[in-house]
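As a plain string of letters, each chain reads:
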Amino acid sequence: MRNVIIIGSGPAGLTAAIYTSRANLQPLVIAGQSFGGQLMNTTDVENYPGFPEGIMGPEMMQKFIKQAERFGSEMMYKDVTKVELSDDSKKVWVGDEMFEAKAVIIATGAEPKKLGLDSEEKYWGKGVSSCATCDGAFYRDKVVSVVGGGDSAAEEALFLTRFASKVYMIVRKDELRASKIMQDRVMENEKIEVLWNREVKEVLGDENVVTGLKLYDNKNDAEKNIELQGMFLGIGHMPKSEIFQGQITSNDNGYLEVVNGTYSNVDGVFIAGDVNDERYRQAVTASGSGCMAAIDAERWLEAQGN
Ligand code: NDP
């Protein structure tokens, strides 16, 4: 029986690992096969305090892991497949292997949303992407699109103008949801054209490459195809909370809820990072809540007489 199992290895999970290992709780971190969270798909992180020159996302996560291991965190690079959290002994499965702990910290994060089209799946990684910072450089002098009208979509569109000759922003309403400063930057950029009231009906392609999009104009009830080579998604995120549903309470969007600090509705289970946070979604806020979850877990264990 372990003291703590931490599920997830983004800034929240790894900060919880640093704190619980320094408290001598020897946590097991089940990091996932694609460990490190969303910062692994980012280039420059310029807003994490302490790095005045910025740092690459993957490099930063490697540093987090090194720091967690320094104090005795045990890392396991596999995916959790099932949990049973209601008993005093919390059970966590990785395939057929079962691990038990007195406390569990859930820090599984969130992932980008998809449109749900068959053609989107067909061309995924072949012209369809959810990560402009990862794939933008493949579209030098090409025409691309970004779907969405929030800050993520605006940020992606602006980033893509570094490479692409033209960037269409495909917005389903007649307004952007992005912050005023991002809206201004989008409107001022000559490479960006916003297509208002448009919905993507199909990704068009030829063998293994994207050649265009079929768009529905919901204002004029008309359909039109446009030619381009890439489609990026910027339509928000979904929490990675599926395996906890039915055990940990969540809101309508699937985000796990905390009842007090980082305490969940289940005794001994704590929640940190984007899996709970629909609002801020920053590395530094995720880290902060990972620290809070570790302190809550440590005090809770102590109160249980451990
Ligand atoms: P948001 O939920 O803010 O925006 C999602 C956008 O995608 C909306 O325009 C929405 O349209 C559109 N959308 C959603 N689903 C679909 C769909 N199926 N088809 C077409 N369009 C769709 O998500 P973000 O990821 O942009 O931002 C989340 C939070 O993170 C916000 O608080 C944001 O401010 C913050 N953030 C801040 C950044 C920064 O400050 N640099 C960068 C990135 C995010 P509709 O408006 O019609 O619902």
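Residues numbered from 1 in each chain as written. Predicted model: local features only at pLDDT ≥ 70, side-chain atom pairs only at ≥ 80, totals over all residues. Heavy atoms only, no water.

Labelled according to an unreviewed UniProt entry, the chain appears under the name Thioredoxin reductase, originating from Candidatus Dojkabacteria bacterium. According to UniProt, the comment filed for the chain under the heading Catalytic activity (unreviewed entry) is "[thioredoxin]-dithiol + NADP(+) = [thioredoxin]-disulfide + NADPH + H(+)". Annotation of the chain in UniProt includes, under Subunit (unreviewed entry), the sentence "Homodimer." (UniProt positions renumbered as here; feature names shortened; annotations may be inferred.)

So, about the sheet that holds strand β12 (residues 166-170). The sheet built from five strands is open, its strands ordered β10-β17-β11-β12-β13 with parallel pairing. Of all the strands in the sheet, the pair left with one neighbour each is β10 (128-129) and β13 (192-195). Inspection of the sheet shows strand β11 (residues 143-147) paired to strand β17 (residues 230-233) by four bridges, in the parallel sense. Among the inter-strand pairings, S145 is bridged to a residue of β17, identified as M231. Strand contacts of helix α5 (residues 151-160): β11, β12, β13 and β17, with the helix running at about 170° to β11, the strand carrying the most contacts. (Pairing = 2+ DSSP bridges. Helix = DSSP H or I, 4+ residues; strand = E, 2+ residues; numbered from the N terminus. Contact = heavy atoms within 4.5 Å. Axes fitted to C-alpha atoms, helices over the stretch in contact; angles between N-to-C directions.)

In the region of the ligand, 17 residues are neighbours, and G149, D151, S152, R177 and R281 sit closest. Here a nitrogen atom of the ligand sits 2.9 Å away from a polar atom, N or O, in the side chain of E155. Within the side chain of K173, a nitrogen or oxygen atom sits 3.2 Å from an oxygen atom of the ligand. The dominant element in the shell around the ligand, judged by the number of residues it contributes, is α5, at three residues. For the shell around the ligand, the residue count by class is three nonpolar, seven polar and seven charged. When residues of the shell around the ligand are sorted by domain, at least three fall in each of domain 1 (2-111 + 237-303) and domain 2 (114-233). (Near = heavy atom within 4 Å. Polar contact = N/O pair within 3.5 Å; in protein donor to acceptor, adjacent residues only side chain to side chain. Nonpolar A, V, L, I, M, F, W, Y, C, P; charged D, E, K, R; others polar. Domains from an automatic or database assignment.)

Moving on to the packing of aromatic side chains. Counted according to the given criterion, the structure contains seven aromatic pairs. An angle of 65° between the planes, with centres 5.5 Å apart, marks the rings of F159 and F163 as edge-to-face. The same class applies to F159 and to F163, which are both buried. In textbook terms, an aromatic cluster arises when at least three aromatic residues are bridged by ring pairs, as seen for Y48, F51 and F64. Positioned over the ring face of F71 is R22, at 5.4 Å from the centre of the ring. Against the face of W93 rests K82, its NZ or CZ located 4.2 Å from the ring centre. (Phe/Tyr/Trp six-rings, centres within 6.5 Å; stacked < 30°, edge-to-face > 60°. Buried < 20%, exposed > 50% of the residue type's maximum accessible area, 1.4 Å probe, protein only. Lys NZ or Arg CZ within 6 Å of the ring centre and 35° of its normal.)

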